[in-house]
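# Structural description and commentary
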Amino acid sequence: MRVMAQVAMVMNLDKCIGCHTCSVTCKQTWTNRSGTEYAWFNNVETRPGQGYPRAYEDQDRWKGGWALKHGRLVPRSGGRARRLARLFANPELPSLQDYYEPWTYDYENLISAPLGDDVPTAPPRSLIDGRPTSVTWGPNWDDDLGGGPEHLAADPVLKKMNADVRLEYEQAFMFYLPRICEHCLNPSCVAVCPSGALYKRIEDGIVLVDQDRCRGWRMCVTGCPYKKVYFNHSSGKAEKCTFCYPRIEAGEPTVCSETCVGRLRYLGVILYDADKVGDAAATPDEQDLYEAQLECFLDPDDPEVARAAEASGIPHDWITAARRSPVHALISRYRVALPLHPEYRTMPMVWYIPPLSPVVESLTATGHDGEDPAKLFAAIDSLRIPVEYLAGLFTAGDPGPVEASLCRLAAMRSHMRRVNLGEERDPAIAAAVGMDTESIEAMYRLLALAKYEERYVIPTSYAVSSGAETDGGCSLDHDGGPGMYGADTFHAPLVDVPAGGPSALPGGHEPEHAGTSLRGRVNLLGWNGRGRPAGLFPRRGEQTE
Amino acid sequence: MGRGRAKAERAAAEAAERLLEAGRLLRRAPTTPEGRAVFRADQKVNDQPYRERWAHDKVVRSTHGVNCTGSCSWQVYVKDGLIAWETQATDYPSTGPDRPDYEPRGCPRGASFSWYTYSPTRVRYPHARGALVEMFREAKRRHEGDPVAAWADITGDPDKRRRYQSARGRGGLVRIGWDEALEIAAAAHVHTLQEYGPDRIAGFSPIPAMSMASHAAGARFHALIGAPMLSFYDWYADLPIASPQVFGDQTDVPESGDWWDAAYLMLWGSNVPVTRTPDAHWMAEARYRGQKVVVVSPDYADATKFADEWLHPHPGTDGALAMAMGHVILRECFVERQVPYFQDYVRRFTDLPFLIALDERDDGTHAPGAFVTAEDLDLAPDAAAHTRRWMPVLHDEVTDAVVVPGGTMGDRWTKEGEGRWNLDLGEIEPALSLYGRPGTRTVQVTLPRFDEQGATVRRAVPVRRVGGRLVTTVFDLMLTQYGVARPELPGQWPTSYEDASTPCTPAWQEAITSVSAGAVVRAAREFARTAEQTRGRCMIVMGAGTNHWFHSDTIYRSFLSLLLLTGCQGVNGGGWAHYVGQEKVRPYAGWQQMATASDWARPSRQMPGTPYWYLHTGQWRYEKFTADLLASPTGPGGLSGLHTADLVAHSARKGWMPSYPTFSANPLDLGRRVREAGADPARWIADERAAGRLGYACDDPDDPANWPRVLTVWRANLIGSSAKGNEFFLRHLLGASDNAAAEEAPPEARPRDVTWREEAPRGKLDLLLALDFRMTSTTLYADLVLPAATWYEKHDLSSTDMHPYVHAFSPAIVPPWQARTDFEIFHGLAAEVSRLAEGRLETAYDLVATALQHDTPGEAPPDEDTGPQFHLVERDYTAIGDKIAALGPLPETTGLQVKGITVRTEQESRWLAARCGTASRGAARGRPLLDTDVKMCEAILALSGTTNGRVAAEGFRQLAERCGPASDLEELAASVAERRIVFSDTQARPVQVGASFEWSGKEAPDRRYAPFTINTEHRKPWHTLTGRQHFYLDHAWIAEYGEQLPVYRPPLDQALLGEQPQPSGEGKSVTVRYLTPHSKWSIHSEYQENLLMQTLARGGPVIWISVADAESIGVADNDWIEAVNPNGVVVARAIVSHRMPTGTVFMYHVQERLVNVPKSEATGRRGGVHNALTRLLVKPTHLIGGHAQLSFAPNYYGPTGNQRDAVTVIRRRSQEVTY
């Protein structure tokens, strides 16, 4: 047994309102800089839908994750030789069109348009080359079932389903799927990096890209089946969700977690046996992968585990945190959280509680009492969201664990309704889903009250050196680096407008008042605070007119 | 892949495997047994870049001043002196150990706000319309540097005026300096005051709760010069008129934390995850407590994923669904069985037992008439004679006598009523019904049914003859209205729930809404059963989806009836939860003092926005029908042949609604003449009117003498966002170009009383002044644009209905470039006006006309012959700058007057003098200073009961005197007296406010706010005619429209109104209902152009359309389309979705012209905003005033600017677009 600890996440999709606050706070904090305009370390998808990048779950096409070949795990993108052969021309790399071509607008036109004949507007411009563009695809194109049935039917999970799902008004269903890097136990992105730039931190399991080692081969982009490694086209290096390690190290939740107004994210320690991971990931039947991963997780209340953990150098603080871990509780104790696409065999560490959806109407329509718990459990498979769809996301198609999870949620509601209405508790309800009154009320406390200090249990002692001694200089700061503090910003086009104004650009429809608005723009968002950028202040002697 | 290659790869893989194996033996670092992973602690990694990215210098608490109801506390991160990003604060005081907390609050819009700070659409310097500023400079030179003369010169010259007005909205803004900007603005104000009077100036700034000091600073400036502030809540159609009608209250709703207490929750036309993003978790979590959730929405809205049940009526038919639920509840809980809890509740807290007179009709049947009062029956001999008409009566169950219960409007204002204004029934047991009582007979009443044009139903009610009148009870009329039969009452009754032939059965509604009758019966039963079991813990969250309709008051009354019948109102976890607009200024009294400058002069001018815009944007000229068209077939026909404009003018002349400009003369001239004559203003005006020397401005709104001349807009985007009938604003108010094609009313459909001028004015406004930090449609059309500080650059206060806290805005940075705070800008403008007033205006006497106001004795006039109230107000225009910056003496001498309660605040004035210092010279010498935004925030908090327990306690004691000792209000006073919040508390963290007489609900650290709990728990009357919650409204105009009781009225039939858009042009088109619900990616127009939001959305204006409608016109997802109707043109792209019902499209509001709007094919001009397809229609019953709870108060009661009933034609356009 090699006990290791990871800070993992659970998201309760049943509470997700699809607001995208997590995406925006993450983007504002981490990726609103040139080279990463198109990158959303955190994004939220409406399902059914193609997601971001377009249909990323289609591994026949994108070759992410691991495949089992002759009982051995190999990256689906091929063995070493195949990967090396494709270093310079990788057809399994999503193009910018698959993510989306970021755009901005000719905003300056609104204020500087000369007197003309019509109301000024700001037409769209590509953020990649500054040219006039039309918006045809975005990072959230499917939001709230936008796009039409044909478009949504290209959802890879939907395509895999056996049952016929009609994308029609009366049968409409949807839910939201927020996604970050899975910080997998068996990360295929790490495995396929030719430069050894990706690594999983020993102390907390966070998967990172070493910005010095990265040579921009982009194998990680292909290798990650969740498409959560991004290529910074400005720095030429890979970047990805960092699990906000500067915050985690200080005991603070990730930005996406703390800013989640649905209060649906949980952070906590999982102890696992690293020696079991390889075999678990190579479990022959895809539908057994969920159980296999659960088997890797260790019970922090088991004294032997605690001893072994201490022996492995895991600080005491982490072991007590693991005992209080909401993530451990939701995954292992209550078994309501499930992994996303276990069939990718990466052993993901961001798990999800599947969403309930209108059920009572289908029950009562058949003349049943929608609140009778027994009837409710029997009807879980008549939820608006087809269980098979959820199983396609979380259990490689096995409906069993999904139904079990949904039944526990439904049972919790039935149990608590009696409490709420002042009726006597009925232990049979909890028993029907393999729980007891105490545990169902404890689960209620975690899911419903969800107090801040119970959602996030993050230890702060770091005994193991991260090896991150710095030598003062940072390779990213110089020109041509990732541009973290570069002058360009999210909403500024990357290219200068050619002489002759924007209309000189090929194919450009010009607004009536386009003027020369993209020139001489100062944007302070990327200003490092040193010096006086030209144009920030009026030139001395510049008159107001 | 070739076989050879596969073999080679396999060989290479095996080789690699062996190498790995070998490496493991050579390396000292540990590996997993299968060689999968190697553990290394010996390598350096570079993770510094992300640490540096995260590093920041300070974190500052602020929030977003946008009308979203969120009022979320945010942490703004500052790095190298620049705002970098923001995350939510999480330090709200806990709601207790057994419930969720408010943390974190926020949404994606707010999270993207810092983008604005340095964005290219930021207004960095003062700008002016080039043509105007050139003419101004030239004229000023000619007039020896006199800016007022220069302004008079330009605006007095029709050519010059036309030149700069027609340039509005066509670019050409030029940068100018602050001094010149303020001088132009002040000159325009001073000239207008002199030439036309203060009521030709107006201010528009909505939603004070979203930044109280910024609002109050400008409103205070307007109040000090005598200019009206225009209302917004009713104008936005966010004010549910049903609330004042039923509760006598503006809107008072539970905080979202109280959703947790509900056992049954209906989300009705409210898409909570999108529009109440920070609060949605309460609903998600309350479900885990066993709460049942029903979502009523025509589309598969975001909220639906949380529902146990989804009901999807056709848009605008929600009232029919609610009437059918009411039918079931009345039958099963009031007739077939009497639920004790409900019986007790409706007798004590509603008007159901009160007596209504029945008026005989020509056909021998009867119509429901007025409440029977003490005056009618010569009862209540001790009461003052003139108040007896405001004392409705009921039958006592025990004695069978007609009695006058306490707590009616007649007890509210007189000396005699002191101690009697309460809901303590004493020995009285109100009889709900006359049915089966001795001496009762039946008569037929005729009731309208609006689901069929011109149709009626006849049904019998039990009646008695009392004092010469045939009377019945409100309850008996309710059963009749809802079609609940009782034996031996003849009439057109439905035979069963399945009878679809007559209102209001479940089957009847199914034919209207498409919701199955069975689902309605089920919902009604569950609702009632839960309410019975939990004593009223059923809640309906109702939103704009049901509130923005022309007839939304009837829709809402049908909802509220469900809650009142089941005893859910005034109960934690129960009742209505109307969240449309952030109208709740928790520190209300203090804000009101500041905003109306009532510390210096009273009264201020407050104008309902809807009639103002209706008249001044010329929209009335396009209305082609008279009142008959929407009146009830049962009405007496008293409004026959009258145009809505006539009714607007009638309402003003009667003193029902205020109207500015009031007269066709300068009120400063009128005031001077009244003063010189030494006359009573009302008498003097009456004489002038009688002599034909003085006309009301509203009788001739197109006379240049009666135009508004100067309009200032701040914290708002009037033109882009709320301007229903946008193209008519552009045409008539601004004189700009437009896209409207509507024809004016033909001669036979024109107003009878209001003057029709053949040529409609174009360009009434001399000056549109806008303060903003970003470009909007309003700034694009403004003459002067002043750069305002953002919400991260100033001090202010925020509060909301949704949570019980007040918290602060704080500057993370100083306003960059040349931006200034609204507070500073208005103080600068006030000083400049004072400077220019010298020698021109000095001390003047302003004749101010106001309406009969709610929560004042004016709401209970002695007879029906009413008119405006007149006041002479002294104004020293050279002292405006001094007064705006100091607290005046009236709160000490006359007292704060809030909702009928007067509290004197000497102590607070002393405290503020000590805290803020006093003015050392000028007109405000010795008065506490309010010369900074922080000091104004201190004053707001010090003068409000919610934040200053001493003020609350004094108010409660005053109330206790009126309500009598049995109310226990003294005890409530004692419990809050020690609470005190000062500004620094709100900067430290959000602070919970306390219970106060300013609001109707109780709250405490361990208790969530629920409205009307003071009423139910302290027997305090509602501010209504009966003092109870009203099912019945008895005004003559209400009777004309057949809306005495809750009734189903369908969406307006545009064809009937002569408004049906005609398909034109080439290609296929489809005619659809056009709805403008609230968007996920913006708050009104704010964030609409924000790049982060546009990136997550579709990058420009879009219209959501159903699969079938899209197919019918050959539209694919993301195709460009045009929506055209007589009011204007919208160019957008289509989002095709099976989420949408066929026949309805959504254009989420407020999608402006700002980004990605090409020129339209229909007109060749830029497409319009979402309001390009709407036109303002005023519902006449909202104009009623001077009648108990149907009395004006600003933003409290007034006609709504509804826009949901629109219809448009949509077609695919050329996919080649030009900008």
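Residues numbered from 1 in each chain as written. Chains lettered and ligands numbered in written order. Predicted model: local features only at pLDDT ≥ 70, side-chain atom pairs only at ≥ 80, totals over all residues. Heavy atoms only, no water.

A tally of regular secondary structure across chain B gives 40 helices and 38 strands. Against the 2.2 N^0.38 benchmark of 33 Å for 1219 residues, chain B shows a C-alpha radius of gyration of 31 Å, consistent with a compact globule. Each of the three principal axes of chain B carries a C-alpha extent, and together these read 110 × 80 × 70 Å. Taken across its 1219 residues, chain B has 74% of its residues classed as buried. (Helix = DSSP H or I, 4+ residues; strand = E, 2+ residues; numbered from the N terminus. Rg over C-alpha atoms; globule rule 2.2 N^0.38 Å. Buried < 20%, exposed > 50% of the residue type's maximum accessible area, 1.4 Å probe, protein only.)

Okay, the packing of helix H24 (residues 667–677) of chain B against helix H25 (residues 681–690) of chain B next. Residue and element names in this part refer to chain B. It is at 10 Å that the axes of H24 and H25 come closest, and there the two elements cross at 110°. In terms of orientation, H24 lies roughly perpendicular with respect to H25. Crossing hand, H24 versus H25: right-handed. Contact residues: H24 offers Leu670, Arg673, Val674 and Ala677, while H25 offers Pro681, Trp684 and Glu688. (Axes fitted to C-alpha atoms, helices over the stretch in contact; angles between N-to-C directions. Parallel < 35°, antiparallel > 145°, perpendicular 65-115°, else oblique. Left-handed = near helix turned anticlockwise from the far one by under 90°. Contact = heavy atoms within 4.5 Å.)

With 155 residues of chain B in contact, the opposing surface of chain A contributes 155 residues. Summing both partners gives a buried area of about 13300 Å² for chain B against chain A, and 55% of it is carried by carbon and sulfur. Area buried by chain B at its contact with chain A is led by Tyr50, Tyr288 and His1138 of chain B, which between them contribute 8% of it. Here chain B is connected to chain A by 14 salt bridges. Tallied by class, residues from the side of chain B that touches chain A come to 64 nonpolar, 41 polar and 50 charged. (Buried area = accessible area lost by both parts, 1.4 Å probe. Salt bridge = Lys/Arg side-chain N within 4 Å of Asp/Glu carboxyl O. Nonpolar A, V, L, I, M, F, W, Y, C, P; charged D, E, K, R; others polar.)

Moving on, we get to the sheet that holds strand S9 (residues 292–296) of chain B. Residue and element names in this part refer to chain B. Pairing within the open sheet is parallel, and its five strands lie in the order S10-S9-S8-S18-S19. Each having just a single partner strand, strand S10 (309–311) and strand S19 (575–578) make up the two edges of the open sheet. Neighbouring strand axes in the sheet, compared pairwise and without regard to direction, differ in orientation by 20° on average. Pairing geometry for strand S8 (residues 264–268) and strand S18 (residues 538–542), over five bridges, is parallel. Bridging from a neighbouring strand, Met266 pairs with Ile540 of S18. (Pairing = 2+ DSSP bridges.)

In this section: the sheet that holds strand S12 (residues 265–273) of chain A. Residue and element names in this part refer to chain A. Spatially, S12-S1-S14-S13 is the arrangement adopted by the four strands of the open sheet, whose pairing is mixed. Each of the sheet's edge strands pairs with one partner strand only, and the pair in question is S12 and strand S13 (338–339). In the sheet, strand S1 (residues 3–12) pairs with strand S14 (residues 350–353) via four bridges, with the strands oriented parallel. Pairing of Asn12 across the sheet is with Ile353, part of S14. On top of the sheet, helix H12 (residues 274–281) reaches S1 and S12; it is set at about 95° to S12, its chief contact. Against the sheet, helix H15 (residues 316–323) contacts S1 and S12, and its axis sits at roughly 115° relative to S12.

Residue and element names in this part refer to chain A. Most of S12 sits inside the fold, with nine of its nine residues counted as buried. Bridge count for S1 against S12 is nine bridges, and the pairing is antiparallel. Following the sheet pairing, Val10 is matched in S12 by Tyr266.

A few words now on the packing of aromatic side chains. Residues and elements named next belong to chain B. Considering all chains together, one arrives at 74 aromatic pairs over all chains under this definition. Considering the side-chain rings of Phe113 and Tyr1087, the 6.3 Å spacing of their centres and the 85° angle between planes classify their relative orientation as edge-to-face. In this pair, Phe113 sits in the loop between helix H3 (108–111) and helix H4 (114–117) while Tyr1087 sits in the loop between strand S33 (1069–1075) and helix H39 (1091–1096), placing the two residues 974 residues apart along the sequence. Across this residue pair, the class does not change: Phe113 and Tyr1087 are buried. Taken together, a centroid distance of 5.2 Å and an interplanar angle of 40° make the contact between Trp613 and Phe729 tilted. Here the residue Trp613 occupies a position in helix H22 (residues 609–616), and Phe729 occupies one in helix H27 (residues 726–734), the gap between them amounting to 116 residues. Residues Trp613 and Phe729 agree in their burial class; the two are buried. Here the guanidinium or amino end of Lys584 rests over the ring plane of Trp999, the centre of that ring lying 4.4 Å away. (Phe/Tyr/Trp six-rings, centres within 6.5 Å; stacked < 30°, edge-to-face > 60°. Lys NZ or Arg CZ within 6 Å of the ring centre and 35° of its normal.)

Attention shifts here to the packing of H22 of chain B against helix H23 (residues 644–653) of chain B. When two helices pack together, their arrangement is given by the angle between the helix axes and the distance between those axes. All names here are of chain B. Packing of H22 against H23 brings their axes to within 11 Å, and their N-to-C directions diverge by 130°. By the angle between their directions, the pair H22 and H23 is classed as oblique. Classified by chirality, the crossing of H23 by H22 is left-handed. Across the interface between the two elements, Pro611, Tyr614 and Leu615 from H22 touch Thr644, Ala645 and Val648 from H23. Among the residues making up the contact of H22 with H23, the classes are represented as five nonpolar, one polar and no charged.

Purely geometric stuff here, so don't read any function into it on its own.
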